[in-house]
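Results of the structural survey
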Amino acid sequence: MKKIVVLGSTNVDTILNIERLPLPGETMAMTDRSVAGGGKGANQAIAAVRAGAEASFISKVGGDHAADFMFETFKKDGLNMEHVIVDENVGTGKAYILLDENGQNSILVYGGANQAITPAEIDDTKDFIAEADCIIAQFEVPLETITEAFKIAKDNGVVTILNPAPAKKEIPAELIALSDVIAPNETEAEIITGVKVEDEASMQKAADALHEMGVGTVVITVGDKGSFYSFKDGKSGFVDAFKVKAVDTTAAGDTFIGYLSANLEKDMSNIEEAMKIASKASSITVQEQGAQNSIPHKSKINF
Ligand code: RIB
């Protein structure tokens, strides 16, 4: 079984159902409100477990009820929580998701404990990271912490997968160069490379810029259109998305990353197949409201 370590955020998501986004200064009623497990890191770790991998999570939560709620969720999935740190001095991360009737969302995030994971705490997990097949990270934890984790991974032959989300303007060149695989969406790809991603030619241009920065494998996701991959040696391709009616796209990208990582061979030889499975899993996630509750188990992936 593939061993995956995910370094990333834990959030409790509050979903606020509304007819449409409010205008500036407007007060409006919600049509519903619910709470679900979230955070890009936690979502990707859960997606990897449900895809059939042995996943472990490095994260930080506060000493509060939100953390208890998240530990219960992780336990149900069999996620290894040995390195989820509890810090009594900070609050567990929270996200507030405005979801309109067309399935369009806007997300506000309170980083809390996620912003307090330090490179020194990553050093404490050195042996643990060294034993993994791959490590995944996103941008809801400090970049210097991810850099430290990726250095340990590279020193030990562990594949590094960077999901540069949410988009950030200033990404250290060192971190990009430490990534074996980078998997941005079109917006994130444009912010990092300056190339407007509109079609396959511009995807290749953005991918070439990332190869120049030192990344061997680039995967760019383009929502309901599909996903594109490019290897430094020149091979590339596009995998179409599965067409479904989306009610909430929250965690669609996280599902894709978790499933891709769980299925991708170390030599990347099966990338198209792994992207197709990841795309199918995402198409199931978007058909239900909420993050972790909507991520499918492997048994649902039939095509
Ligand atoms: O990618 C979706 C996630 O982003 C949500 O679960 C929310 O917590 C935010 O971190």
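Here we summarise the structure given alongside this text.

Conventions used here
Residues numbered from 1 in each chain as written. Predicted model: local features only at pLDDT ≥ 70, side-chain atom pairs only at ≥ 80, totals over all residues. Heavy atoms only, no water. Helix = DSSP H or I, 4+ residues; strand = E, 2+ residues; numbered from the N terminus. Contact = heavy atoms within 4.5 Å. Areas by Shrake-Rupley, 256 points an atom, 1.4 Å probe, with all protein chains shown as cover. Lys, Arg positive; Asp, Glu negative; His and termini not counted. Charge placed at Lys NZ, Arg CZ, Asp CG, Glu CD. Axes fitted to C-alpha atoms, helices over the stretch in contact; angles between N-to-C directions. Parallel < 35°, antiparallel > 145°, perpendicular 65-115°, else oblique. Left-handed = near helix turned anticlockwise from the far one by under 90°. Nonpolar A, V, L, I, M, F, W, Y, C, P; charged D, E, K, R; others polar. Near = heavy atom within 4 Å. Buried < 20%, exposed > 50% of the residue type's maximum accessible area, 1.4 Å probe, protein only. Pairing = 2+ DSSP bridges. Core = buried A, V, L, I, M, F, W, Y, C linked by side-chain atoms within 4.5 Å. Phe/Tyr/Trp six-rings, centres within 6.5 Å; stacked < 30°, edge-to-face > 60°. 1 Å grid on protein atoms, 1.4 Å probe; cavity = no way out; pocket = protein on both sides within 12 Å on 5 of 7 lines; lining within 4 Å. Points joined across faces, edges and corners; volume = space filled by probe spheres on them.

1. Notes on the overall build of the protein
When its secondary structure is counted, the protein shows 10 helices and 13 strands. Here the contacts in the protein between residues at least 6 apart in sequence split such that 67% fall between residues at least 24 apart. For the protein, the exposed area adds up to about 13,200 Å²; of that, 49% sits on carbon and sulfur atoms. In the protein, which carries 27 positive and 45 negative side-chain charges, the distance between the mean positions of the two groups comes to 3 Å.

2. Points about the packing of helix α1 (residues 40-50) against helix α2 (residues 65-77)
Direction vectors running N to C along α1 and α2 enclose 20°, while the axes themselves pass 10 Å from each other. Here α2 runs roughly parallel to α1, going by the angle between their axes. For the pair α1 and α2, the sense of crossing is left-handed. Here Ala42, Ile46, Val49 and Arg50 of α1 lie close against α2, whose contacting residues are Thr73, Phe74 and Asp77. A class-by-class count of the residues in the contact of α1 with α2 yields 4 nonpolar, 1 polar and 2 charged.

3. Remarks on the site of the ligand
The local shell around the ligand consists of Asn11, Asp13, Gly38, Gly39, Lys40, Asn43, Ala95, Glu140, Thr250, Ala251, Asp254 and Ala291. Counting only elements with at least two residues in the shell around the ligand, the list comes to β2 (11-17) and α1. Across the shell around the ligand, the residue classes break down as 3 nonpolar, 5 polar and 4 charged.

4. Quick notes on the pairing of strand β6 (residues 93-99)
Burial within β6 is extensive, with 5 of its 7 residues counted as buried. Bridging between β2 and β6 involves 7 bridges; their strand directions are parallel. Opposite Asn11, over in β6, you have Gly93 as the bridge partner. As paired elements, β6 and strand β7 (residues 105-110) share 6 bridges and run antiparallel to each other. What sits directly across from Lys94, in β7, is Tyr110. Linking β6 back to β7 in an antiparallel pair, the connection comprises 5 residues, with Gly103 at a positive phi of about 85°.

5. Overview of the nonpolar core
The biggest cluster of nonpolar side chains holds 46 residues, and the ones touching the most others in it are Ile4, Phe57, Leu79, Val219, Tyr259 and Met275. If you tally residues by element for this core, the top one is helix α10 (residues 271-285), at 7 residues. Once residues lying within four places of it in the same chain are set aside, the contact partners of Tyr259 are Ala47, Arg50, Ala51, Ile277, Ala278, Ala281, Pro296, His297, Lys298 and Ile301.

6. Section: the packing of aromatic side chains
For the structure shown, the criterion picks out 4 aromatic pairs. Ring geometry for Phe242 against Phe303: centres 5.5 Å apart, planes inclined by 55°, an arrangement best described as tilted. Of this pair, Phe242 sits in the loop between β13 (236-240) and α9 (252-263) while Phe303 sits in the segment after α10, and the two are 61 residues apart along the sequence.

7. So, the environment of Val286
Looking at the element boundaries, Val286 is found in the segment after α10. Using a relative accessible area of 9% as the deciding quantity, one classes Val286 as buried. Dropping the residues within four chain positions of it, Val286 is found in contact with Val244, Lys245, Ala246, Val247, Asp248, Thr249 and Ala252.

8. Focus: the layout of surface pockets
Size it by volume and the largest pocket reaches roughly 1,300 Å³. Taken together, 46 residues line the largest pocket, and the ones lying closest to its centre are Asn185, Thr249, Ala251, Ala252 and Gly253. Residue assignment for the lining of the largest pocket shows that the elements contributing at least two residues are β2, α1, β6, β7, α7 (186-193), β12 (226-231), α9 and α10. Residue composition of the lining of the largest pocket, grouped by class: 18 nonpolar, 20 polar and 8 charged.

9. Let's talk about the sheet that holds β2
Reading across from one edge, β3-β2-β6-β7 is the order of the 4 strands in this open sheet, with mixed pairing throughout. Since the sheet does not close on itself, it has two edges, and those belong to β3 (32-38) and β7, each with one partner. Going from strand to strand, the sheet's axes swing by 20° on average, the running direction of each strand aside. Strands β2, β3 and β6 of the sheet are contacted by α2, whose axis makes an angle of about 65° with β3.

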